[in-house]
Amino acid sequence: MTGETMVLVGMGSGVMLLLAVAGGAVLGWANRRFHVPVDPRVERINRALPGANCGNCGFVGCGEYAEAVAGGQTALTLCAPGGPSVVQSLAGIMGVDAEPTWPYRVIVHCTATTDMRLRRHPYRGEPTCTAANLVADVQGCTNGCLGLGDCEVACTYDAIHVVDGVAVVDYTKCTGCGDCVDACPRGIISRVPFKAERILAVGCANQDFGNDVKAVCTIGCIGCKACTKLAPALVMKGNLPVLDYDKYEAGFDFLPAIEKCPMESLVWVGKPTAKDLEALTDVEMPQRADATFDTTVDKTEWWG
Amino acid sequence: MELFADLLLIAVGAALINNFVLSYFVGICPFLGVSRKIDTALGMGLAVTFVITVAGFLSWTLTEFVLRPGAPLASAVWRMLGGEGGADLSVLSYIAYIFVIAASVQFVEMYVKKFFPPLYKSFGVFLPLITTNCAILFACLLIMKEVVGGNWGLAESLTLPIFGGLGFTLAIVLMAGIRVELDLADVPKPLRGAPIAMLTAAILALAFLGFTGMGASLKQALTPAAAEPPAAVAAVEVQR
């Protein structure tokens, strides 16, 4: 390398060095001059979040969710991948108590088996609830379970079955996805936060007056309002008591209301407790009887 | 007067005739990326215009005094170190320009974040991407070519980036206006999304081709001394 080239290289390095110093000075000044104060919690929340940017929380990414949390505009519990541990750390950063979150499960608001439902007529159409729902007088109760198992077909987890003509949820398998809620043409399945292993449910969806209900069902809610007087968590909506599951607490004393109910429409649903199982060990369970629907149309053939 | 005519020619040339996006096809990335809404597109166009102007000014300064062959500052140092004649640091031009562009983009980013937070959000990733916007490097290199050739001073070197940037703004805002309407149009299924955007850009580029040749006639109109039309053209005029 000649001396001249050496000098040229040196000058080149010098120029770049000067440029770097000048640029650094200007940007450093601008950084301080145009500084935008950021809530320090945003940074900490950002670090506590998984950083997957999955968007499950409804925000564009973890950064946006962190900003919303720091601004107090949204709940701490929206991060599904993070789970309870992230909720805990977010609550720690925000200085609030972490509210426990509840898994969602479905409840079927009909408990009447086939023999309890009156004014049933033979139905020979396509054996789906959606089809049967279009036909008048398949059964007297227009809010009762049709027992043709649309929900059973819709369920990915094999968690809902038609037993004795009524859909029953298997809470050991249910994930609360809500597919059966969408599948039910009568809209008698609802998705609620499960705040305990076993929670109370209103086992009827019929909003008619007492006499009309009695004419179509032996156990339907007659709207006597007795339970609402004994349990304030139950409120009448039309002719039917409904439970506000947002206000539901495991400690509520529902026993008087359950005992008072003349139609036994208030039922406990959920996973059986150890005590229940123990109590049932001696009792002989009835055989599960699958409802048979004699129809000329085979389902598999019908759909090809 | 002659300088003014030159500047006008450069301005019209950069903005319309040789539009950066639609004629040279540089800066396509933000042109297609940030042209979904008119106000965002306008913001992007103005940000690019600002960055391109700052970068153009800085690159002219660097080229004129340091980088071009025989630049005064570099040559002085060169002679001090025992060299002969003038120094030629033009090998540094690319890295120096990129450095200058990156620094100006950083500056603009901070400024926008401070004073226009909604605009900052809508820019998203495209604001830092101005750094690698080839339209800006293209302008810098164009300036370098002319400055090294000894044709351009500061005025010309500022006119080009300003009007080039405005031309970019015009193109991107036009594109955004069309794409806003396209959202309501019944586009055939295979063409939805990117394909129709590409086609739109192509048709827009074709339309801008209509400005070709305007430069020569504008030059004739602006410089009366050289305006003597060639004989053949004059003859045609007379016949009419």
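Look up a bit, the structure's there.
What comes next is a walk through the structure. (Residues numbered from 1 in each chain as written. Chains lettered and ligands numbered in written order. Predicted model: local features only at pLDDT ≥ 70, side-chain atom pairs only at ≥ 80, totals over all residues. Heavy atoms only, no water.)

**Let's talk about the interface of chain B and chain A**
You'll often see interface size given as the accessible area lost when the parts meet.
Part 1 of the reasoning: Tallying the contact residues gives 24 residues for chain B and 18 residues for chain A.
Part 2 of the reasoning: Counting across the interface, chain B meets chain A through one residue pair in polar contact (both at pLDDT 80 or more).
Part 3 of the reasoning: Ranked by residues supplied to the side of chain B that touches chain A, first place goes to helix α5 (residues 93–115) of chain B with twelve residues.
Part 4 of the reasoning: Looking at side-chain class alone, the side of chain B that touches chain A contains 18 nonpolar, one polar and five charged residues. (Contact = heavy atoms within 4.5 Å. Polar contact = N/O pair within 3.5 Å; in protein donor to acceptor, adjacent residues only side chain to side chain. Helix = DSSP H or I, 4+ residues; strand = E, 2+ residues; numbered from the N terminus. Nonpolar A, V, L, I, M, F, W, Y, C, P; charged D, E, K, R; others polar.)

**Regarding the nonpolar core**
Part 1 of the reasoning: In terms of nonpolar packing, the biggest core is built from 61 residues, with L22, F31, L67, L89 and I130 of chain B touching the most fellow members.
Part 2 of the reasoning: Every element with two or more residues in this core is listed here: α1 (3–33) of chain A together with α1 (2–17), α3 (38–67), α4 (72–80), α5, α7 (134–148), α8 (154–182) and α9 (194–208) of chain B.
Part 3 of the reasoning: Here this core gets eleven residues from one element, more than from any other, and that element is α3 of chain B.
Part 4 of the reasoning: Residues within four places of F31 of chain B in sequence aside, it is in contact with V21, L22, A171, I172, M175, A201 and L204 of chain B.
Part 5 of the reasoning: Ranked by size, the runner-up nonpolar core spans 42 residues in total, among them C110, A205, I219 and A231 of chain A. (Core = buried A, V, L, I, M, F, W, Y, C linked by side-chain atoms within 4.5 Å. Buried < 20%, exposed > 50% of the residue type's maximum accessible area, 1.4 Å probe, protein only.)

**Things to note about the layout of surface pockets**
Part 1 of the reasoning: Size it by volume and the second largest pocket reaches roughly 700 Å³.
Part 2 of the reasoning: In this structure, the second largest pocket is lined by 19 residues; those nearest its centre are V38 and E67 of chain A together with K113, Y120 and K121 of chain B.
Part 3 of the reasoning: For the lining of the second largest pocket, the secondary structure elements donating two or more residues are α2 (40–48) and α3 (62–70) of chain A together with α5 and α6 (117–123) of chain B.
Part 4 of the reasoning: Residue composition of the lining of the second largest pocket, by class: nine nonpolar, three polar and seven charged. (1 Å grid on protein atoms, 1.4 Å probe; cavity = no way out; pocket = protein on both sides within 12 Å on 5 of 7 lines; lining within 4 Å. Points joined across faces, edges and corners; volume = space filled by probe spheres on them.)

**Concerning the packing of α1 of chain A against α5 of chain B**
Part 1 of the reasoning: Following both chains from N to C, one finds α1 of chain A and α5 of chain B inclined at 5 degrees, their axes separated by 10 Å at the closest point. If you check the angle between α1 of chain A and α5 of chain B, you find them roughly parallel. Residues M16, L19, A20, V26, L27, W29, A30 and N31 of chain A of α1 of chain A form the contact with α5 of chain B, whose own contacting residues are I95, A96, F99, V100, A103, Q106, F107 and M110 of chain B.
Part 2 of the reasoning: Considered class by class, the residues forming the contact of α1 of chain A with α5 of chain B number 14 nonpolar, two polar and no charged. (Axes fitted to C-alpha atoms, helices over the stretch in contact; angles between N-to-C directions. Parallel < 35°, antiparallel > 145°, perpendicular 65-115°, else oblique.)

**Points about unusual backbone geometry**
For residues other than glycine, phi is negative in most cases, and the peptide bonds are mostly trans.
All names here are of chain A.
Part 1 of the reasoning: The backbone of D158 shows a phi angle near 55 degrees, a positive value even though the residue is not glycine.
Part 2 of the reasoning: Mapped onto the fold, D158 is located in the loop between α6 (150–154) and β2 (160–163).
Part 3 of the reasoning: Take D158: its relative accessible area is 41%, and that puts it in the partly exposed class.
Part 4 of the reasoning: Positive phi, normally seen in glycine, also occurs at K225, with a value near 70 degrees.
Part 5 of the reasoning: Assignment of secondary structure puts K225 in the loop between α8 (210–216) and α9 (226–230).

**What about the pairing of strand β5 (residues 198–202) of chain A?**
All names here are of chain A.
Part 1 of the reasoning: Burial of β5 is extensive: four of the five residues sit out of reach of the surface.
Part 2 of the reasoning: With five bridges joining them, β5 and strand β8 (residues 266–270) adopt antiparallel strand pairing. Bridge pairing links I199 to V269 in β8. (Pairing = 2+ DSSP bridges.)

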